[in-house]
Each structure stands twice: as structure tokens, then as C-alpha cells.
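# Residue-level structure breakdown
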Amino acid sequence: MNDFTFQNGTKIIFGKDTEQMVGKESKAHGKKLLLHYGGGSIKSSGLYEKIVNSLKEEGIEFYELGGVKPNPRVSLVREGVTMCKEHELDFILAVGGGSVIDSAKAIAAGAKYDGDVWDFFSGKNQVTECLPIGVVLTIPAAGSETSSGTVVTNEDGWFKRATGHLTMRPQFAILNPILTYTLPSYQTACGITDMMAHILERYFTNVKHVELTDRLCEATLKTIINNAPTVLENPTNYDARAEIMWAGTIAHNDLLGTGRIGDWASHDIEHEISGIYDIAHGAGLAIIFPAWMKYVYKHDVKRFAQFANRVWDVELDLNDLEKTALAGIKKTEQFFRSIGMPITLSEANIGEEHFEEMAKKATERWALGNFVKLQEEDVYRIYQLAK
Ligand code: NZQ
Ligand code: ZN
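Here the residue index of a chain counts from 1 through its sequence in written order. A letter from A marks each chain and a number from 1 marks each ligand, given out in the order of writing. Note on the predicted model: pLDDT of at least 70 is required for a residue's local features to be given, and 80 or more for side-chain atom pairs to be given and counted; whole-chain, interface and lining totals, by contrast, use all residues. Side-chain metrics rest on all non-hydrogen atoms present in the structure, leaving aside hydrogens and water.

## Quick word on the site of ligand 1
How we decide: We call a residue near a given molecule or strand whenever any one of its heavy atoms falls within 4 Å of it. Nitrogen and oxygen atoms within 3.5 Å of one another constitute a polar contact, given that in protein one can donate a hydrogen and the other can accept it, and given that sequence-neighbouring residues count only through two side-chain atoms. Secondary structure elements are defined from DSSP: runs of H or I of at least 4 residues count as helices, runs of E of at least 2 residues count as strands, and each element is numbered from the N terminus. Three classes are used: nonpolar for Ala, Val, Leu, Ile, Met, Phe, Trp, Tyr, Cys and Pro, charged for Asp, Glu, Lys and Arg, and polar for all others, with Gly counted as polar. Marked domain ranges trace back to an automatic or database domain assignment.
Around ligand 1, the structure places 33 residues, and the nearest of them are Ser41, Gly98, Ser99, Asp102 and His198. Between Asn71 and ligand 1, the recorded distance is 3.5 Å, taken from a side-chain N or O atom to an oxygen atom. Between ligand 1 and Asp102, the relevant distance is 2.7 Å, taken from a nitrogen atom to a side-chain nitrogen or oxygen of the residue. Looking at the shell around ligand 1, the elements that each hand over two or more residues are helix 5 (98-110), strand 6 (149-154), helix 7 (185-203) and helix 10 (265-277). When grouped by side-chain class, the residues that make up the shell around ligand 1 number 10 nonpolar, 20 polar and three charged. Both domains that furnish three or more residues to the shell around ligand 1 are identified here as domain 1 (11-179) and domain 2 (183-386).

Right, dumping it as C-alpha cells:
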């Protein structure tokens, strides 16, 4: 096991009616806030009204910026930064999913910076401080509610890039599983895929003696797999929604990665797809992860066989570990299909026309992955495998 420092200070407030605490929680961090949200789901669900009432009850002054699109755009981030500076806002409240939270995080960094916020994503500069952020989560998926990272898309060239800093971790995250009842099943499934991918990125590591975190990863994956069919068949099953929501946070709050080095190539390979084609990140991962697995499994057949056996209950064939490993990859693919995800690029109407460009963009700063290092040619081959 590697040495590590683990610090995740986000206060989690989990359960029914917890959104009513948003005013009180926000007041502890700021006096004048930016209320940031997406394309309208919080208005049609009635959540917007509850949030506004709670803020008013606490006498908090706030400005609003809605309209965050999935795969959030830097142009709206820039608007938010200008608002924060103009009105001297001191706190950002994100109400929504990963896209809203990521947009809020980028605004929080930009508000404390004199240059263009994209500098943090292009690598020109690094984040050193942020305005504090609070979150009311409406979709369990990206794990951004407790992560220290943000992913934003620049429409100028369709670059989807990540940056991060410890001060980006939200101060609090309110998680009420009932708020997820209104999710379309496709979005629920995209979220499930993304949280599984966050665990898998950490699971496939070269670090030895990581038994505890292996087991924690496997348990979290199993919980997601067990509850996924229930939330899709019965979207108002509170307990199943609660399991999935908490799993989404655990998958990406860094605990499962302690003492190990995660891979993250599949995420980088996927970001090129959702950056150009604007598909849901989770759907892109359902396509890329199995392809990546097929490309790299020979690097550590034993680990892939362990994954197949412990997560998918595939019988361990000690005389033919490769068979077990391949059966686990197949099960992963079948599961994504069973929850309604595309598992090939063609199912998502994506052709070969940008393969070369995407492979080049994905590797232009550094080789991808840690489990297996991938160069431009490898990434191109993975897109080919995902056809
Ligand atoms: O915009 P609205 O109208 O709110 O609709 C959203 C959006 O269309 C809808 N939705 C959310 N909650 C709902 C709801 N509809 C009905 N009822 C509800 N309760 O769902 C759609 C998707 O929302 P989005 O925020 O885009 O989803 P998600 O949470 O999956 O976020 C995806 C983004 O997060 C990034 C992804 O790359 C992608 O851009 N990621 C961020 C990470 C991080 N910061 O740590 C890590 C991840 O790996 C990921 O890369
Ligand atoms: Zn992800």
C-alpha cells in the first residue's frame, strides 16, 4: 500500500427533507451568494421554490445564474465569474448534478483570479483559492459533490478539460434521495455507469497489498449492481435510491483510492467523446470502459479475474484465469446494456471521422493512464475497439 493523505471535509447532510436546511447551511459560509442551476428540472420539480424560500427565511441575499448545460460550457462560467466580481458575491450554491457543480467550482476559482478562468483548464495556470461552494445534489453520478475537481468544455475547439484544487471541495452537500425520483431512467443509468467507472478507475491499479480498498471497491460496486434494477423499475423506491445516491458519493470522495494509484485513462478517452459529440458522460463510459478493459486486461489477468469473481460471481478457473477475466469483461458489458446504455460508438451514432483527432487531443499533454500507459496510437485502437 502506498503512503497517502486523505482529507475530505465536505459535510454530508443525507436524507428526507434535508434541502430545507440549505438556508441555514449557506448562511454559515456567506452573506451574498450566487444560486447556480441547470436547464429547468429544479423548477419543474418544485425544488427551486423550496431553495429560494429557505434562503429568504435566513435573510440571505442572492443572485441567480441558471442554464448550465450537461457538459458545462466555459462561456457560462465566464458569466458567473463576472457576476461574482461585479456584485462581490462570497458563496456559490449549486443546485443540480455534476454539470452544475462543476460550473460552480470553475466560477468559484475564476472569481478569485485576475486572468481568464480557462487558464486553469489549459494548464496555463493552477488554482490556488476558490470561493466556498455548497451543493444540493439532484442526480447521483459524477461525485462532484465531494470531489476536488471540475470538468468544463470550451466551445472554442470543443476541448473538455479538468482541473482541481482542495479548496474546490464543497463545504456541504445536501443529499435527499427523494430529489432523484424525477430523473429519467436514461439519466439514472448514466449516473450508475459513471459511479461504477469511478470505482473501476481506482480498482485497476499496479499497487500491491491493497486488500482493504479492493474489498471496499468491490462492496460498493456490488451495492450499485444490486440496486440498479430496482431504481430503474421503481424510481420511487426510497431505499434503493438512497443506496445508489450514497454509493455515488463514496465512489468518488477519494476514500476508495487511498493507498493506491488509479488509472483514469478511460475518463480521459471518454471526455474527448462527450466534448465533441455532447453525449452524456456516463453513456460514453459504458462504451469506452469495456473497450479499455479488452485492450489492457493481459497486463494483469489475475486482477481482472479477481474482479470477475468477486464482483460478478464468475467462477474462478485457476487453470484458465484469462477465461475468468474475459467473462468479467463480458458481464460488465452485459450489465451496461441491461440498464439501457449504449456499449458501442455506433449505437450512440458516432462514426470514425474524429478518431484520429480525439486520440491526438487526448494525449497531447501526456500519455494516459497509470495501470497501462497509453499513447496516441493506443487510444486510437481503443476507439476502434469501441466501434
Ligand atoms: O439541467 P437540468 O434541467 O437540471 O437537467 C439535468 C441534465 O439534463 C438532468 N437532471 C438532473 N437532476 C435531475 C434531472 N432531471 C430530472 N430530475 C432530476 N432530479 O440530468 C441531466 C444530466 O445532468 P448532469 O449534471 O450533466 O449529470 P451528471 O451529474 O452526470 O454530470 C455530468 C458532468 O460531470 C462531469 C462529466 O464529465 C459531465 O460533464 N464529471 C465531473 C466529475 C467531477 N467534478 O468530479 C467527475 C466525473 O467523472 C465527470 O467527469
Ligand atoms: Zn466520471
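## Some points on the packing of aromatic side chains
What counts, and what does not: Think of it this way: a Phe, Tyr or Trp ring, Trp meaning its six-membered ring, pairs with another when their centres are within 6.5 Å, and the plane angle makes it stacked under 30 degrees, edge-to-face over 60, tilted otherwise. Each residue gets one of three labels from its accessible area relative to the maximum for its type: buried under 20%, exposed over 50%, partly exposed in between, using a 1.4 Å probe on protein chains only. Remark: a charge is flagged as sitting over a ring if the NZ atom of Lys or the CZ atom of Arg is within 6 Å of the ring centre and within 35 degrees of the ring normal.
Following the criterion strictly, the structure yields 19 aromatic pairs and no others. Arranged with centres 5.6 Å apart and planes meeting at 65°, the rings of Tyr37 and Tyr48 form a pair that is edge-to-face. Here Tyr48 lies in helix 3 (residues 47-57) and Tyr37 lies in strand 2 (residues 32-37), a separation of 11 residues in the sequence. Tyr48 carries the same exposure label as Tyr37, and that label is buried. Ring centres 5.6 Å apart and planes at 50° place the aromatic pair Trp312 and Phe335 in the tilted group. Placement of Trp312 in helix 12 (residues 301-312) and of Phe335 in helix 13 (residues 321-338) is noted, with a sequence separation of 23 residues between them. Members of the aromatic cluster, joined through ring pairs, are Tyr203, Phe204, Phe289, Trp292, Phe304, Phe307 and Phe371. The ring of Tyr238 is capped by Lys16, whose NZ or CZ atom sits 4.3 Å from the centre of that ring. We note Arg303 situated over the ring of Tyr203; from NZ or CZ to the ring centre the distance is 5.0 Å.

## Brief notes about the pattern of salt bridges
Inclusion rule: Counted as salt bridges are all cases of a side-chain nitrogen of Lys or Arg within 4 Å of a carboxyl oxygen of Asp or Glu.
By the definition in use, this model includes 22 salt bridges. The residue Asp254 makes a salt bridge to Arg169 at a minimum N-O spacing of 3.0 Å. In this pair, Asp254 sits in the loop between helix 9 (238-250) and helix 10 while Arg169 sits in the loop between strand 7 (159-164) and strand 8 (172-175), placing the two residues 85 residues apart along the sequence. Given the relative accessible area of 27%, Asp254 is considered partly exposed.

## Considering unusual backbone geometry
At Asp17, a position not held by glycine, the phi torsion is positive, near 60°. By the secondary structure assignment, Asp17 is in the loop between strand 1 (11-14) and helix 1 (22-27). Backbone geometry at Asn71 places phi at a positive 60°, although glycine is not the residue there. By the secondary structure assignment, Asn71 is in the loop between strand 3 (61-65) and helix 4 (74-86).

## Structural notes on the side chain of Thr213
Stated precisely, the cut-off is as follows: Two residues form a contact once any of their heavy atoms are found within 4.5 Å.
You can see Thr213 is positioned in helix 8 (residues 211-233). What Thr213 contacts, discounting residues up to four positions off in sequence, is Leu255, Leu256, Thr258 and Arg260.

## Considering the packing of helix 8 against helix 9
Note the following rule: A fitted line through C-alpha atoms represents every axis, and for helices the fit uses only the stretch in contact; the resulting angles, taken between N-to-C directions, go from 0 to 180 degrees. For any helix crossing, the convention is left-handed if the near helix is rotated counterclockwise from the far helix by under a right angle, and right-handed if that rotation is clockwise.
Relative to each other, helix 8 and helix 9 sit at 140°, their axes nearing to 9 Å. As for how helix 8 packs across helix 9, the hand of that crossing is left-handed. Facing helix 8, whose interface residues are Thr220, Thr223, Ile224, Asn227, Ala228, Thr230 and Val231, helix 9 presents Ala240, Arg241, Glu243, Ile244, Ala247 and Ile250. Residue composition of the contact of helix 8 with helix 9, grouped by class: seven nonpolar, four polar and two charged.

## Description of the domain arrangement of the chain
We count it as follows: Throughout, buried area stands for the accessible area (probe radius 1.4 Å) lost by two parts on being put together, summed over both.
Split into domains, the chain comes out as domain 1 (11-179) and domain 2 (183-386). Spacing between the C-alpha centres of domain 1 and domain 2 amounts to 26 Å. Taken together, the 30 residues of domain 1 in the interface contact 29 residues of domain 2. Buried surface at the junction of domain 1 and domain 2, both sides included, amounts to about 2400 Å², of which 58% is carbon and sulfur. Between the two partners, domain 1 and domain 2, sit four salt bridges.

## Quick word on the layout of surface pockets
If a probe the size of a water molecule is rolled over the atoms, the empty space left behind becomes visible. For clarity, the threshold we go by: A cavity here means a set of 1 Å grid points, computed over protein atoms only, where a 1.4 Å probe fits but cannot escape. A pocket is an open set with protein on both sides within 12 Å along at least 5 of 7 lines, and lining residues have an atom within 4 Å of a point. Grid points are joined across faces, edges and corners, and a volume is the space filled by probe spheres set on the points.
In this model, the second largest pocket occupies a volume close to 400 Å³. Along the walls of the second largest pocket sit 18 residues, with Asp214, Lys302, Arg303, Gln306 and Arg310 positioned nearest its centre. Residue assignment for the lining of the second largest pocket shows that the elements contributing at least two residues are helix 8 and helix 12. In terms of residue count, the dominant contributor to the lining of the second largest pocket is helix 12 (six residues). A per-class count over the lining of the second largest pocket returns six nonpolar, five polar and seven charged.

## Let's talk about the environment of Ser185
Tracing the sequence through the fold places Ser185 in helix 7. The spatial distance from the C-alpha of Ser185 to the C-alpha of Ser346 is 21 Å, given a sequence separation of 161 residues.

## A short note on the sheet that holds strand 4 (residues 91-96)
This is how it is decided: Whether two strands pair comes down to DSSP finding at least two bridges between them.
Taking strand neighbours across the sheet as the criterion, the six strands line up as 1-8-5-4-2-3 in an open arrangement whose pairing is parallel. Only two strands of the sheet have a single partner each, and these edge strands are strand 1 and strand 3. Here the average twist between neighbouring strands, direction ignored, is 20°. Its contacts with the sheet put helix 3 on strand 2, strand 3, strand 4 and strand 5 (133-137), and the angle it makes with strand 2 is roughly 175°. Those strands touched by helix 4 are strand 2, strand 3 and strand 4, and its axis lies near 160° from that of strand 3.

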